[in-house]
Amino acid sequence: MKYFEDIQVGDKYALGRHTFTAVDIKTFARRFDPQPFHMDDDAAARSHFGALCASGWHTAVTWMRLMVDYRRRMDEVALAQGESIGEMGPAVGFRNLRWFKPVYVDDTVDYTAEVVETRPSGSRTDRGLVMVRGDGINQKGEPVLTFLSTAFVERRTSKA
Amino acid sequence: MFAGMPKLCWEDFKPGAVTEYGPRRVTREEIVAFAAEFDPQPMHLDEIAASTTLLGGLGASGWHMCCLLMRMISDGYLLDTSSMGAPGVEEVRWLAPLRPGEEIRIRTTVMETRASKSRPGMGLTKFLFEMLDSAGTSLMTMTTTQMLGRRYPEGPR
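Residues numbered from 1 in each chain as written. Chains lettered and ligands numbered in written order. Predicted model: local features only at pLDDT ≥ 70, side-chain atom pairs only at ≥ 80, totals over all residues.

A. Summary view of the overall build of chain B. The helix and strand inventory of chain B stands at three helices and five strands. Counting helices and strands in the order they occur from the N terminus, chain B gives β-α-α-α-β-β-β-β. Its C-alpha atoms put chain B at 60 × 25 × 25 Å along the principal axes. Considering chain B as a whole, with its 157 residues, one finds that 36% of them fall into the buried category. Put simply, 71% of the contacts in chain B that link residues at least 6 apart link residues at least 24 apart. (Helix = DSSP H or I, 4+ residues; strand = E, 2+ residues; numbered from the N terminus. Buried ≥ 20, exposed ≤ 12 C-beta atoms within 10 Å, placed from the backbone. Contact = placed C-beta atoms within 7 Å.)

B. Structural context of the overall build of chain A. Looking only at helices and strands, one finds four helices and five strands in chain A. For chain A, the α and β elements follow one another from N to C terminus as β-α-α-α-α-β-β-β-β. Once the C-alpha set of chain A is aligned to its principal axes, its extents read approximately 60 × 35 × 30 Å. In chain A, buried positions account for 39% of the 160 residues. Within chain A, residue pairs in contact and separated by at least 24 positions form 69% of the contacts whose partners lie at least 6 positions apart.

C. Region of the structure containing the nonpolar core. All names here are of chain B. In this structure, Met65, Cys66 and Leu69 are the most contacted members of the largest nonpolar core, which totals 66 residues. Take this core: its biggest share by element is nine residues, from helix H3 (residues 62-76). In contact with Leu69, not counting residues within four places along its chain, are Ile106, Phe129, Met131 and Met142. (Core = buried A, V, L, I, M, F, W, Y, C linked by C-beta atoms within 7 Å.)

D. Examining unusual backbone geometry more closely. In this structure, Pro90 of chain A follows Gly89 of chain A across a cis peptide bond, with omega equal to 5 degrees. On the secondary structure map, Pro90 of chain A appears in strand S2 (residues 88-99). Cis peptide bonds are those with omega within 30 degrees of zero, and the linkage from Gly22 of chain B to Pro23 of chain B qualifies with 5 degrees. Take Pro23 of chain B: it is sitting in strand S1 (residues 18-25). Residue Asn96 of chain A is not a glycine yet carries a positive backbone phi of 50 degrees.

E. Region of the structure containing the packing of helix H4 (residues 56-80) of chain A against H3 of chain B. Orientation of H4 of chain A relative to H3 of chain B, taken along the N-to-C sense of each, is 170 degrees, at an axis distance of 11 Å. Here H4 of chain A is positioned roughly antiparallel relative to H3 of chain B, judged by the angle of their axes. Note on element contacts: H3 of chain B touches H4 of chain A through Trp63, Cys66, Cys67 and Met70 of chain B, opposite Trp57, Ala60, Val61 and Met64 of chain A. Within the contact of H4 of chain A with H3 of chain B, the residues separate by chemical class into eight nonpolar, no polar and no charged. (Axes fitted to C-alpha atoms, helices over the stretch in contact; angles between N-to-C directions. Parallel < 35°, antiparallel > 145°, perpendicular 65-115°, else oblique. Nonpolar A, V, L, I, M, F, W, Y, C, P; charged D, E, K, R; others polar.)

F. Region of the structure containing helix H1 (residues 28-38) of chain B. When H1 of chain B is considered as a whole, its buried residues turn out to be Ile31, Phe34, Ala35 and Phe38 of chain B. Down the axis of H1 of chain B, the buried set is contained in an arc of 95 degrees. They therefore lie on one face. For H1 of chain B, the exposed residues lying more than 90 degrees away from the buried face are Glu29 and Ala36 of chain B. Lining the buried residues of H1 of chain B we find H4 of chain A together with H3 of chain B. (Arc of directions from axis to C-beta.)

G. Fine view of the pairing of strand S5 (residues 143-154) of chain A. Residue and element names in this part refer to chain A. Bridge count between S2 and S5: seven bridges; the pairing is antiparallel. Looking at S5, one finds that Met88 is bridged to Val153. Relative to S5, strand S4 (residues 127-137) runs antiparallel, the two sharing 11 bridges. Across the sheet, residue Gly136 finds its bridge partner in S5, namely Leu145. Linkage of S4 to S5, two consecutive antiparallel strands, is achieved through a turn of five residues, within which Gly141 is found at a positive phi near 85 degrees. (Pairing = 2+ DSSP bridges.)

Listed below in structure tokens is the structure:
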């Protein structure tokens with residue numbers, strides 16, 4: 001990852017797409033969110049969702065996986081150019097997470113992240129805090145997920 | 001109440017009610033397996049690499065903590081309710097690392113409750129969830145509003 005000083009409000013990352021299969025939806029739900037509408041086709045059809053849909057946690061952690069993969073690709077590019085990279089994380093939390101619409105079987109979600117705020121850390125002089133808005137949009141162009149996540153990012157001056 | 005109806009409906013959650021679920025031990029294997037699948041950062045995967053990060057050693061992904069909490073409240077009460085899901089999560093704070101071998105509990109507090117204006121069969125209940133370690137230290141807080149079916153749509157609560 002770039003250093004804190006290199007990150008600007010408005011920077012936007014295209015993280016990639018993920019398609020949620022019925023098997024993946026049920027496997028995740030069995031482990032972490034075993035509500036009938038995420039586990040069982042018939043129960044989901046009878047629920048207010050109308051059909052099997054992914055746990056909201058499943059759609060959120062998929063953003064995280066794609067974000068980590070994106071950062072790794074950026075780090076590899078930077079290292080190949082002989083640049084050093086700053087340490088990212090951990091995050092301190094998130095807020096205003098909204099699941100706007102269910103993610104149904106075989107829906108494809110396109111994930112992005114956008115920097116919305118940067119500020120120095122009050123507790124760590126070698127770190128800054130970066131807030132990003134994570135978003136997911138389905139194949140019909142409908143938002144399905146958004147949240148604001150804040151994480152520590154290393155400052156360039158920490159290695160000066 | 002008749003057969004097949006969930007035990008707990010929106011009417012049963014009163015502001016101020018506190019309940020605890022657990023304990024549940026979290027193993028190194030599950031921390032690493034979750035991270036490998038969903039959050040493959042060195043601080044969640046490898047003790048040596050984690051030791052130089054701000055986590056100061058191997059710790060669970062914060063998203064794993066959220067998923068563990070979800071599973072524990074599901075087994076604790078949610079599967080016995082008329083749950084209709086949740087529209088989102090107001091806030092999650094990761095306060096301290098969840099280390100391998102820790103025994104966690106979830107303390108649940110009902111914060112407020114209100115009827116849905118748009119759906120007469122539904123009520124909204126705001127919860128504060130705290131993940132505690134065996135010493136009682138708060139590792140994470142989560143504030144979220146769950147949608148629950150009403151036992152008496154349009155009736156008194």
